[in-house]
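Chain by chain, the residues:
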Amino acid sequence: MSKPITRISTNSPVFEDNDPQEDLITLNIGPTHPATHGVFQNVVQIDGERIVSGVSTIGYIHRAFEKIAEHRPFYQITPLTDRLNYCSSPINNMGWHMTVEKLLDIEIPKRVQYMRVIVMELARIADHIICNGILGVDTGAFSGFLYVMQEREFIYEIYEEICGARLTTNIGRIGGFERDFNDVAFAKIREFLVRFPPVLREFQELFDRNRIFVERTSNVASVTPEEALSYSWSGPILRATGVDYDVRAHSPYCSYEEFDFEVPVGTNGDVYDRYMVRNEEMWQSMRIIEQALEKIEKEPKGVFHADVPDFYLPPKEQVYTNMEALIYHFKIVMGEWDAPKDEVYHAVEGANGELGFYLVHDGGRAPYRLHFRRPSFINYQMFAPMSSGMLLSDAILNMSSLNVIAGELDA
Amino acid sequence: MDKLNNQQVLDKLQSQFADRILHVAEPKGLLTIVTGKDSVIEILRLLKEDDTLQFIYLTDITAVHYPELENAFAVVYHVHSLVFNVRIRIKVFLNINDLNIPSATVLWNGANWMERETFDFFGINFEGHPDLRRILNMDDLGVFPMRKEYPLEDPNRVDKKDFYFGR
């Protein structure tokens, strides 16, 4: 009963005039609508409450990320990565620096790797908190969101302690961190491990067996593993279908192979499973952070970057007082360094899935070509096809559980 | 399960497509093969469907513009064997006069948007794609912005021109 789609302009799809006999209504969800969680549009044709067909339009906040990156030295690309998935910017950040380190063959000290693990896992928790909290809001329950929001704020305080910024953290450097975690930061990380479990437990008690929540989310937008793989899904939504593909476990980076953690998987691939997988991942992340803190204790204190003066920005006080440091600083900032002609692909497990960086370098000052495999972009393309036949209110929950971040979607 | 290594993947590919694999490299340990556009779908199909390889996961499709080369556009596929945990990169070089390449949507649904993005930014024409139109840029943009002939308009960057550094 679906009608053929025609478009006036291919970027602004509209449907043919509806036949009044058929009672089909064309509805725009977005570009700016509370339910879209970002700036992107879905034009759906509905029959009563049921979606008959839909078209997704994205690109509203495309910022020419890859083009800008071709004109900037490596350090100046860091702030761009922060703005991709702004819910978990340190993961983007670390992933980018790891890619550059792979290109430059830089060995990273163990302590730095553990510090990175801590920051990335905190970011994952912050991202999952938002996603699951908002999923609750979309089912009509606001309190869960409020319970966990304070904890996300606390994670931001930890970032602030580490680097001075909260949202767009700019936390990494080639070879490590800009500065060591101070005692307050470590104390806050430990405090987080104490205060977050009861909050998460309370949050789960509110939703896990809540009749309304379970009925609204179970068997909604179920996806089979085959479909999910065919659409190149990754991250919690792929694992909810039962495929245990996690980059951290599959191709470990940053010493993840030393950590003891599980990769939670679901069975139905529906909205409820995605919610549960994210919850379980938060518990696992806390486990990882705990282990990382233990491991850091055994490492020599005060190491927060690799010894690579050619690539690591010297501390400011030295730049002002030491000629060598000033020269290094200048060369690094201007991109005057020796980087091999090579191409690298490096993937990290972002909060939404496999975040990949494909870097082609010609030895110049900026990347010759930089491409990001953005999980939101790839995960989202299944939304329109899977929505047909779904209730409008279920489609909203589906969108919410895909955790599409507009910055990452549009690059 | 036995681990699969790059050599085994390469042997398998060469046994079937000996003369159609134009170049083999291993930058940073990632097996990279260059092939022609006529063979790319067959190679991807073998990689995906062969039981001993099982490259079932299409990670990414993108392109690179090398204006100094005769065949200036490289379409790059990253494919991942989830079972054996091996990745492979496949490159296909295209000439500016003939930017047609068969679409990988026959193998993976996920190729749809990746190819649209590549079309949007480089103008690569994926033949057989069900819905090849711009995705991130507006329709009437008129150019393919990731090509090297379109510089970024950023007057602040003139201080970083190569001639200031004796290059």
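Read on for a plain summary of the structure. Values in this document were obtained by computation on a predicted structure and should not be read as measured data.

1. Things to note about the sheet that holds strand 3 (residues 24-29) of chain A
Residues and elements named next belong to chain A.
- In spatial order, the strands read 3-4-5; together these three strands make up an open sheet with antiparallel pairing. The two strands at the open ends of the sheet, each matched to only one other strand, are strand 3 and strand 5 (50-57). The average angle at which neighbouring strand axes cross in this sheet is 20°, direction not considered.
- In this structure, strand 4 (residues 41-47) lies alongside strand 5, joined through seven bridges in antiparallel fashion. Looking at strand 5, one finds that Val-44 is bridged to Gly-54.
- Sitting on the sheet, helix 16 (residues 392-402) is in contact with strand 3, strand 4 and strand 5, with an inclination near 25° to strand 3.

2. Describing the interface of chain A and chain B
- Facing the 52 residues of chain A at the interface are 54 residues of chain B.
- Summed over both sides, the interface of chain A with chain B buries roughly 4,700 Å², with 52% coming from carbon and sulfur.
- Viewed at the interface, chain B and chain A are joined by seven salt bridges.
- Between Arg-87 of chain B and Glu-354 of chain A there is a salt bridge, with its nearest N and O atoms 2.9 Å apart.
- Our count for the contact surface shared by chain A and chain B stands at 30 residue pairs in polar contact (both at pLDDT 80 or more).
- Residue composition of the side of chain A that touches chain B, grouped by class: 21 nonpolar, 16 polar and 15 charged.

3. Points about helix 1 (residues 6-17) of chain B
All names here are of chain B.
- In this model, helix 1 (12 residues) spans 16 Å end to end at C-alpha, consistent with the 16 Å of a helix rising 1.5 Å per residue.
- Regarding helix 1, the residues found buried are Asn-6, Val-9, Leu-10, Leu-13 and Phe-17. Buried positions in helix 1, seen along its axis, are confined to an arc of 95° and lie on one side of it.
- Next to the buried residues of helix 1 lie strand 1 (21-25), strand 2 (31-35), helix 2 (40-49) and strand 5 (86-94).

4. Comments concerning the packing of aromatic side chains
- Within this structure, the stated rule accounts for 32 aromatic pairs over all chains.
- Consider the rings of Phe-74 of chain A and Trp-337 of chain A, whose centres lie 5.6 Å apart with planes at 50°: the pair is tilted. Residue Phe-74 of chain A is located in helix 2 (residues 74-82), and its partner Trp-337 of chain A is located in the loop between helix 13 (323-333) and strand 8 (341-349); the two are separated by 263 residues in the primary sequence. One exposure class covers both Phe-74 of chain A and Trp-337 of chain A, and it is buried.
- Here the aromatic rings of Phe-177 of chain A and Phe-181 of chain A are separated by 5.3 Å at their centres, their planes lie at 75°, and the arrangement is edge-to-face.
- Cluster of aromatic residues (ring-pair linked, three or more members): Phe-40, Phe-377, Tyr-380 and Phe-383 of chain A together with Trp-113 of chain B.

The rules we used
- Each chain carries its own residue numbering, running from 1 in the direction its sequence is written.
- Starting at A for chains and at 1 for ligands, labels are handed out in the order in which the entities are written.
- The predicted origin of the model limits local features to residues at a pLDDT of at least 70 and limits the giving and counting of side-chain atom pairs to 80 or more, whereas totals for whole chains, interfaces and linings rest on all residues.
- Just so you know, side-chain values use all the structure's heavy atoms and leave hydrogens and water out.
- Here the rule is simple: two strands pair whenever DSSP picks up at least two bridges between them.
- Strands here are runs of E lasting at least two residues and helices are runs of H or I lasting at least four, both read from the DSSP assignment and numbered beginning at the N terminus.
- Only the contacting stretch of a helix is used when fitting its axis, a line to C-alpha atoms as for every element, and angles between N-to-C directions run 0 to 180 degrees.
- Contacts are assigned to residue pairs that have any heavy atoms within 4.5 Å of one another.
- Buried area: the accessible surface (1.4 Å probe) lost by two parts on joining, summed over both.
- Here a salt bridge means any side-chain nitrogen of Lys or Arg lying within 4 Å of a carboxyl oxygen belonging to Asp or Glu.
- A 3.5 Å cut-off defines polar contacts: any pair of N or O atoms within that distance qualifies, except that in protein one atom must be a possible hydrogen donor and the other a possible acceptor, and neighbouring residues in sequence count only when both atoms are side-chain atoms.
- For this classification, the nonpolar set comprises Ala, Val, Leu, Ile, Met, Phe, Trp, Tyr, Cys and Pro, the charged set comprises Asp, Glu, Lys and Arg, and every other residue, Gly included, is treated as polar.
- To estimate how far a helix should reach, multiply one less than its number of residues by 1.5 Å.
- Buried, partly exposed and exposed residues are distinguished by accessible area as a fraction of the type maximum, computed with a 1.4 Å probe on protein chains only: under 20%, between the cut-offs, and over 50%, respectively.
- Think of the arc as the fan of directions from the helix axis to the C-beta atoms.
- Side-chain rings of Phe, Tyr and Trp (the six-membered ring for Trp) are treated as a pair once their centres are within 6.5 Å; stacked means planes under 30 degrees apart, edge-to-face means over 60, and tilted covers the remaining angles.

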